[in-house]
Amino acid sequence: AAAKAATEANFWAVVDANKVLGDAKGGVAGRNSAFSDTVHSFDVRLSQELDGFSPKHKSTFILDIFNVGNLLNRDWGRTTEALFQSGGGNRRGFVNFAGIDPATGKYIYAVSSMEEMAIKQNALESQWALQATWKYEF
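About the thresholds
- Residues numbered from 1 in each chain as written.
- Predicted model: local features only at pLDDT ≥ 70, side-chain atom pairs only at ≥ 80, totals over all residues.
- Heavy atoms only, no water.
- Core = buried A, V, L, I, M, F, W, Y, C linked by side-chain atoms within 4.5 Å.
- Buried < 20%, exposed > 50% of the residue type's maximum accessible area, 1.4 Å probe, protein only.
- Contact = heavy atoms within 4.5 Å.
- Pairing = 2+ DSSP bridges.
- Helix = DSSP H or I, 4+ residues; strand = E, 2+ residues; numbered from the N terminus.
- Axes fitted to C-alpha atoms, helices over the stretch in contact; angles between N-to-C directions.
- Patch = residues over 30% accessible without salt bridge, like charges linked within 9 Å, V, L, I, M, F, W, Y side chains within 5 Å.
- Areas by Shrake-Rupley, 256 points an atom, 1.4 Å probe, with all protein chains shown as cover.
- Salt bridge = Lys/Arg side-chain N within 4 Å of Asp/Glu carboxyl O.
- Phe/Tyr/Trp six-rings, centres within 6.5 Å; stacked < 30°, edge-to-face > 60°.
- Polar contact = N/O pair within 3.5 Å; in protein donor to acceptor, adjacent residues only side chain to side chain.

Asks: I'm lost on the nonpolar core in this one. Help?
Replies: Nonpolar side chains in soluble globular proteins tend to end up buried together. Ranked by size, the top nonpolar core spans five residues in total: Val-14, Val-15, Phe-94, Val-111 and Met-114. Look past the residues within four positions of Val-111 in its chain and what remains in contact with it is Thr-7, Asn-10, Phe-11, Phe-94 and Val-95.

Asks: I would appreciate a short explanation of the sheet that holds strand β1 (residues 44-51) in the present structure.
Replies: Pairing between sheet strands relies on hydrogen bonds along the backbone, with the strands arranged either parallel or antiparallel. Here three strands make up an open sheet; going across it, the order is β1-β2-β7 and the pairing antiparallel. With partners counted over all chains shown, the strands left at the sheet margins are β1 and β7 (129-137), one partner each. Strand-to-strand twist across the sheet, computed as the mean angle between neighbouring axes with direction ignored, equals 15 degrees. Alignment of β1 against strand β2 (residues 58-66), held across eight bridges, turns out to be antiparallel.

Asks: Any chance you could explain unusual backbone geometry here in plain terms?
Replies: Trans is the common state for peptide bonds, and a negative phi is the common state for residues other than glycine. With phi around 60 degrees, Asn-32 is a residue other than glycine that occupies positive phi space. Unusually for a residue other than glycine, Asn-67 sits at a positive phi of about 55 degrees. With respect to the helices and strands, Asn-67 occurs in the loop between β2 and α3 (68-72). The class of Asn-67 is buried, set by a relative accessible area of 3%.

Asks: Please clarify how a nonpolar patch on the surface should be interpreted in this entry.
Replies: Taken together, the side chains of Phe-42, Val-44, Leu-46, Leu-71, Leu-72, Trp-76, Trp-128 and Leu-130 present a nonpolar region at the surface, about 810 Å² in accessible area. Residue assignment for the nonpolar patch shows that the elements contributing at least two residues are β1 and α3.

Asks: Help me understand the environment of Ile-100 in this model?
Replies: Among the secondary structure elements, Ile-100 is positioned in strand β4 (residues 95-100). Overall, the relative accessible area of 48% leaves Ile-100 in the partly exposed class. Other than its neighbours up to four places away in sequence, Ile-100 contacts Gly-105, Lys-106, Tyr-107 and Ile-108.

Asks: Can you walk me through the packing of aromatic side chains in this structure?
Replies: How two aromatic rings sit relative to each other is set out by the distance from centre to centre and by the angle between their planes. Summed over the entire model, instances satisfying the criterion amount to six aromatic pairs. Taking the centre distance of 6.1 Å and the plane angle of 35 degrees together, the rings of Tyr-136 and Phe-138 count as tilted. Within the aromatic cluster, the residues linked to one another by ring pairs are Phe-53, Trp-134, Tyr-136 and Phe-138.

Asks: Is there a simple way to think about the side chain of Asp-64 in this case?
Replies: You can see Asp-64 is positioned in strand β2. Residues contacting Asp-64, with those up to four places away along its chain left out, are Val-44, Arg-45, Ala-129, Leu-130 and Gln-131.

Asks: Please clarify how the side chain of Ser-59 should be interpreted in this entry.
Replies: Relative to the elements of secondary structure, Ser-59 occurs in strand β2. Within polar-contact distance, the side chain of Ser-59 engages the backbone oxygen of Asp-51 at 3.5 Å. One polar contact links Ser-59 to Trp-134, side chain to side chain, over a distance of 3.4 Å. Contact partners of Ser-59, with chain neighbours within four places excluded, come to Gln-48, Glu-49, Leu-50, Asp-51, Gly-52, Trp-134, Lys-135 and Tyr-136.

Asks: What am I meant to see in the pattern of salt bridges here?
Replies: Proximity of charged atoms lets side chains of opposite charge pair with each other. According to the stated counting rule, one finds five salt bridges in the structure shown. Between Asp-23 and Lys-19 there is a salt bridge; the shortest N-O distance is 2.8 Å. Here Lys-19 and Asp-23 lie together in helix α2 (residues 19-23), a separation of four residues that amounts to about one turn. With a shortest N-O distance of 3.5 Å, Glu-137 and Lys-135 are connected by a salt bridge. Glu-137 sits in the partly exposed class, given a relative accessible area of 33%.

Treat this as a map of the structure, not an account of what it does.
Structural data, given as structure tokens:
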């Protein structure tokens, strides 16, 4: 009984700590009622046309800076999301099926903490990048 009460208290602590879940007590959280934070990022391109090796040729030097905000401040331009779950799809959860009570036939649930949003570290996301290009036209 004490373990059941502790599990229930843990469940309600997680629900109360999340505004969307707290607002949906006694019901179902609405579809699309919670979102990841908005990400603002911007890129800068500098280009300079140059002479070629012949009067009919030309070249262009291009410098691209991706996610300039993150270059200026490491906390800017970061993408956070729920990590991909092995069961499929991006989701956040804290209640998992743990079995069936043989005496009552009721489901038994294990309650853990809510998975935190993680910073996505794929190429050109959450970090700045620099690309230099030299284009020659003849």
